[in-house]
Amino acid sequence: MTLKIAIDAMGGDHGPQVVIPAAISALQKHNDVELILVGDEATLQAALTQQSTVDKDRVTIHHASQVVAMDEAPQSALRSKKDSSMRVAINLVKENVAAACVSAGNTGALMATARFVLKTLPGIERPAIVTALPTMKGHTYVLDLGANVDSSAEHLVQFALMGSVLAELVDGKKQPTVGLLNIGAEEIKGSERVKEAARLLADTDLNYIGFVEGDGLYKGEVDVLVCDGFVGNVLLKASEGVAHMIRHYLRNSFKRNVFTKFAALVAYPVLKHFSKELDPRAYNGANFIGLQGIVIKSHGGADSFAFANAIDIAIIEARKDVPKHISRHLETLQEGQVL
């Protein structure tokens, strides 16, 4: 059965310049996928004709007359941009024309529009932004990364459940471990909200292991790490900054003189592998989890390699039908537990 993915081809800092090559890459990798490019038809058609390797039988263009600017207010986009490439792509998911949509557009507008059009799953009060971050043991799913700056204990429990389902479906892990991000591992540490979330999680059937400090993320102490959106977004941006700083100092250190340049030449295979392991582009693509449909957010400045990775995530989650499985787990918890 062919899987259709809607792409907001006009969103982000680069629009079709990045989206078209990424789409071609995704089609070459997935033989059972069709892509619907949403945006200005003339612009997209011209961009496609310049690509000799595109499989035109598996690409369609869905015209949209408007574009949401990267600095546009979410409510303004929601009210006045009903024919934007972003809105139309989400509508295609709502209408079951596409199994998922991918956008590099304005995060706030994308979340507001997706929540308005698709609605949240029954039992989920707020959707969350989740992505996998690299660790010493592979990766950890972290949520929320910015959708909710002020989350209640009940919201954190809902995030934990959704993250656990995602890890189980995508990674095939039975009873993935779940932790709450906190300023210490001791039970007496943290805010009352985090302590209450811990008490609620202990009463669920999730594999909750307790509090995890910030360094525990990179040590791979848990499969799923839960926090509110304010903390999560700071954590994400700080992680990206540290990765860039490490690359900066490595480059400068190896360029100091002829001896360090020679050392860099010898160490090139190791450095290449190191760079690949920490390349944020390989982890591009965050899920707006908790909606009645799959919406994947790409970084606004993503290149074609990074955007193709976001498309891959949309394909994987659509095949696994993540929203349906979250609904099933919610029903189980609601039968006598905390939600």
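Scroll up to find the structure.
Bear in mind that the values here come from a model prediction, so they are computed numbers and not experimental data.

## So, helix α2 (residues 41–49)
For step 1, the next point in the chain: Those residues of α2 not exposed but buried are Leu 44, Ala 47 and Leu 48. Summarising the axial view, the buried residues of α2 lie within an arc of 100 degrees, below the 170-degree limit, and thus occupy one face.
For step 2, the next point in the chain: The inward-facing, buried residues of α2 abut α1 (16–29), β2 (33–39) and β3 (59–63).

## Here we look at a nonpolar patch on the surface
For step 1, the next point in the chain: Taken together, the side chains of Val 149, Phe 230, Val 231 and Val 234 present a nonpolar region at the surface, about 370 Å² in accessible area.
For step 2, the next point in the chain: Mapped onto the fold, Val 234 is located in helix α9 (residues 229–254).
For step 3, the next point in the chain: Residue class for Val 234 comes out partly exposed when judged on its relative accessible area of 48%.

## So, the pairing of strand β1 (residues 3–8)
For step 1, the next point in the chain: In terms of burial, β1 is a largely internal element, five of the six residues being buried.
For step 2, the next point in the chain: By the bridge criterion, six bridges tie β1 to β2 in an arrangement that is parallel. Each bridged residue has a counterpart across the sheet, and for Ala 6 the counterpart in β2 is Ile 36.
For step 3, the next point in the chain: Considered for its hand, the β-α-β crossover made up of β1, α1 and β2 is right-handed.

## Focus on the packing of aromatic side chains
For step 1, the next point in the chain: Scanning the model with the defined rule gives zero aromatic pairs in all.
For step 2, the next point in the chain: Residue placement shows Lys 119 over the ring face of Phe 116; its charged tip is 4.7 Å from the ring centre.

## Comments concerning helix α4 (residues 85–94)
For step 1, the next point in the chain: Burial of α4 is extensive: eight of the 10 residues sit out of reach of the surface.
For step 2, the next point in the chain: Restricting attention to buried positions, one finds in α4 the residues Ser 85, Met 86, Arg 87, Val 88, Ala 89, Ile 90, Leu 92 and Val 93.
For step 3, the next point in the chain: A positive backbone phi angle near 65 degrees is found at Asn 96, which sits one or two residues after α4.

## Remarks on the pattern of salt bridges
For step 1, the next point in the chain: If you walk through the whole model with that rule in mind, you get 11 salt bridges.
For step 2, the next point in the chain: The partner of Lys 173 in a salt bridge is Asp 223, with the nearest N and O atoms 2.6 Å apart. With Lys 173 in the loop between α6 (153–171) and β7 (177–181) and Asp 223 in the loop between α8 (214–219) and β9 (224–226), this pair connects stretches of sequence that are 50 residues apart.
For step 3, the next point in the chain: Given the relative accessible area of 14%, Asp 223 is considered buried.
For step 4, the next point in the chain: The salt bridge involving Glu 192 is made with Lys 195; its shortest N-O contact spans 3.5 Å. Within this pair, Glu 192 and its partner Lys 195 are both found in helix α7 (residues 192–202), separated by three residues, close to a single helical turn.
For step 5, the next point in the chain: Looking at Glu 192, the relative accessible area reads 55%, which means it is exposed.
For step 6, the next point in the chain: Here the residues in one salt-bridge network are Asp 150, Arg 193 and Asp 228, joined through shared partners.

## What about the environment of Val 33?
For step 1, the next point in the chain: Within the secondary structure, Val 33 is located in strand β2.
For step 2, the next point in the chain: A relative accessible area of 0% means that Val 33 is categorised as buried.
For step 3, the next point in the chain: Taking the C-alpha atoms as reference points, Val 33 and Leu 3, 30 residues apart in sequence, are found 4.8 Å from one another.
For step 4, the next point in the chain: Sequence-distant contacts of Val 33, defined by excluding residues within four places in its chain, comprise Thr 2, Leu 3, Ile 5, Leu 27, Arg 58, Ile 315 and Arg 319.

## With respect to the nonpolar core
For step 1, the next point in the chain: Counting residues in hydrophobic clusters, the biggest one holds 36 residues, and the most contacted among them are Ile 90, Val 142 and Val 295.
For step 2, the next point in the chain: Listed by contribution, the elements that provide at least two residues to this core are β2, α4, α5 (107–118), β5 (128–135), α9 and β10 (286–289).
For step 3, the next point in the chain: Residues in contact with Val 295, not counting those within four places in the same chain, are Cys 101, Leu 110, Ala 114, Leu 118, Ala 286, Asn 287 and Phe 288.

Cut-offs and rules
Residues numbered from 1 in each chain as written. Predicted model: local features only at pLDDT ≥ 70, side-chain atom pairs only at ≥ 80, totals over all residues. Heavy atoms only, no water. Buried < 20%, exposed > 50% of the residue type's maximum accessible area, 1.4 Å probe, protein only. Helix = DSSP H or I, 4+ residues; strand = E, 2+ residues; numbered from the N terminus. Arc of directions from axis to C-beta. Contact = heavy atoms within 4.5 Å. Patch = residues over 30% accessible without salt bridge, like charges linked within 9 Å, V, L, I, M, F, W, Y side chains within 5 Å. Areas by Shrake-Rupley, 256 points an atom, 1.4 Å probe, with all protein chains shown as cover. Salt bridge = Lys/Arg side-chain N within 4 Å of Asp/Glu carboxyl O. Pairing = 2+ DSSP bridges. Right-handed = clockwise from strand over helix to strand, strands pointing away. Phe/Tyr/Trp six-rings, centres within 6.5 Å; stacked < 30°, edge-to-face > 60°. Lys NZ or Arg CZ within 6 Å of the ring centre and 35° of its normal. Core = buried A, V, L, I, M, F, W, Y, C linked by side-chain atoms within 4.5 Å.

These values are about where atoms sit, not about what they do.
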